[in-house]
Amino acid sequence: MSTERSTTTVPAGGEPKGTPIRSVLAVVAGWITLFVLGQLFLGVLASMMPGDIPSTEGAQPTERGLAMWLAGMLPNGIIAGLITARLAGWAPIAHAAVLGGIIGFFGMVSSDEARGLPAWFAIGRAFMPVVSIVLGGIAARAIEARRGKRA
């Protein structure tokens, strides 16, 4: 019979840094953040570039508009990954990777929505958020490590 106990990292507040509920809520918060930022960016892009991102039903965006749309996914994903990782409280990159995996899965599954659009856009739409979300998790980890060195 072993006398070793399972250990959990407990900060000064007395509660563990992360719980399963907190992990799920962090991923959901990242998902909501990504959705809101994406809709805001697309709205701004459509208002600034109405010829490239038409708002009429059935009109196709131009390649320049699609490239701008993909470019906007980079900062949006980084922010969503950063928020997910910070809210999770532990394993920031893992939580960001989970969110990125979910978003990437839905991006690939919904690739039929990209019919008529260039293949590079469909591929970028599936992979750009994954990469940028994980970068946000890496940034959160770096911020946490830097704060730990100051303390």
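Before any of the text, the structure's been laid out above.
Residues numbered from 1 in each chain as written. Predicted model: local features only at pLDDT ≥ 70, side-chain atom pairs only at ≥ 80, totals over all residues. Heavy atoms only, no water.

**Considering the pattern of salt bridges**
Alright, step 1. Scanning the model with the defined rule gives 2 salt bridges in all.
Alright, step 2. Note that E144 is salt-bridged to R86, the shortest N-O span being 3.2 Å. On the criterion of sequence distance, the pair formed by E144 in helix α4 (residues 119-150) and R86 in helix α2 (residues 63-88) is long-range, its members being 58 residues apart.
Alright, step 3. Judged by relative accessible area, E144 falls into the partly exposed class, the value being 40%. (Salt bridge = Lys/Arg side-chain N within 4 Å of Asp/Glu carboxyl O. Helix = DSSP H or I, 4+ residues; strand = E, 2+ residues; numbered from the N terminus. Buried < 20%, exposed > 50% of the residue type's maximum accessible area, 1.4 Å probe, protein only.)

**Let's talk about the nonpolar core**
Alright, step 1. Judged by nonpolar contacts, V27, L34, A80, A96, L99, I103 and I133 together constitute the single largest core of 7 residues.
Alright, step 2. The residues touching V27, leaving out its near neighbours within four places in the chain, are T84, H95, V98, L99 and I102.
Alright, step 3. Listed in part, the 5 residues of the second largest apolar core include L66, L70, M73 and L117. (Core = buried A, V, L, I, M, F, W, Y, C linked by side-chain atoms within 4.5 Å. Contact = heavy atoms within 4.5 Å.)

**Observations concerning the packing of helix α1 (residues 20-48) against α2**
Alright, step 1. Interaxial distance between α1 and α2 falls to 8 Å at its minimum, and their mutual angle equals 155°. One element, α1, and the other, α2, form an angle in the roughly antiparallel class. α1 and α2 meet at a crossing whose hand is right-handed.
Alright, step 2. Grouping the amino acids of the contact of α1 with α2 by side-chain chemistry returns 15 nonpolar, 8 polar and 2 charged. (Axes fitted to C-alpha atoms, helices over the stretch in contact; angles between N-to-C directions. Parallel < 35°, antiparallel > 145°, perpendicular 65-115°, else oblique. Left-handed = near helix turned anticlockwise from the far one by under 90°. Nonpolar A, V, L, I, M, F, W, Y, C, P; charged D, E, K, R; others polar.)

**A look at α1**
Alright, step 1. Compared with an ideal rise of 1.5 Å per residue, which puts 29 residues at 42 Å, α1 spans 42 Å between its outermost C-alpha atoms and is within 8% of the ideal.
Alright, step 2. Within α1 the residues assigned to the buried category are S23, A26, V27, G30, T33, L34 and L45. (Expected span 1.5 Å × (residues − 1).)

**Observations regarding a nonpolar patch on the surface**
Alright, step 1. The grouping of V24, V28, W31, I32, F35, V36, L40, F105, F106 and V109 at the surface amounts to a nonpolar patch, some 960 Å² of accessible area in total.
Alright, step 2. Listed by contribution, the elements that provide at least two residues to the nonpolar patch are α1 and α3 (92-109).
Alright, step 3. Here the nonpolar patch takes 7 residues from α1, the largest share from any one element.
Alright, step 4. In this fold, V28 is placed in helix α1.
Alright, step 5. Accessibility expressed as a relative area gives 40% for V28, which makes it partly exposed. (Patch = residues over 30% accessible without salt bridge, like charges linked within 9 Å, V, L, I, M, F, W, Y side chains within 5 Å. Areas by Shrake-Rupley, 256 points an atom, 1.4 Å probe, with all protein chains shown as cover.)

**Looking at the packing of aromatic side chains**
Alright, step 1. All chains considered together, the criterion is met by 4 aromatic pairs.
Alright, step 2. On the basis of an interplanar angle of 70° and a centroid distance of 5.4 Å, the ring pair of F105 and F106 is categorised as edge-to-face.
Alright, step 3. Taking the relative accessible area as the measure of exposure, F105 reaches 46% and is therefore partly exposed.
Alright, step 4. Here the aromatic rings of W120 and F121 are separated by 6.3 Å at their centres, their planes lie at 90°, and the arrangement is edge-to-face.
Alright, step 5. A relative accessible area of 1% places F121 in the buried class. (Phe/Tyr/Trp six-rings, centres within 6.5 Å; stacked < 30°, edge-to-face > 60°.)

**Some words on α3**
Alright, step 1. Across its 18 residues, α3 extends 26 Å between first and last C-alpha, which sits within 8% of the 26 Å expected from 1.5 Å per residue.
Alright, step 2. Burial in α3 covers these residues: P92, H95, A96, L99, G100, I103, G104 and G107.

**Some details on the environment of L34**
Alright, step 1. Mapped onto the secondary structure, L34 falls in helix α1.
Alright, step 2. As for L34 and P75, which are separated by 41 residues in sequence, their C-alpha atoms are 9.8 Å apart.
Alright, step 3. Leaving out residues up to four positions away in the same chain, L34 has contacts with N76, G77, A80, I103 and I133.

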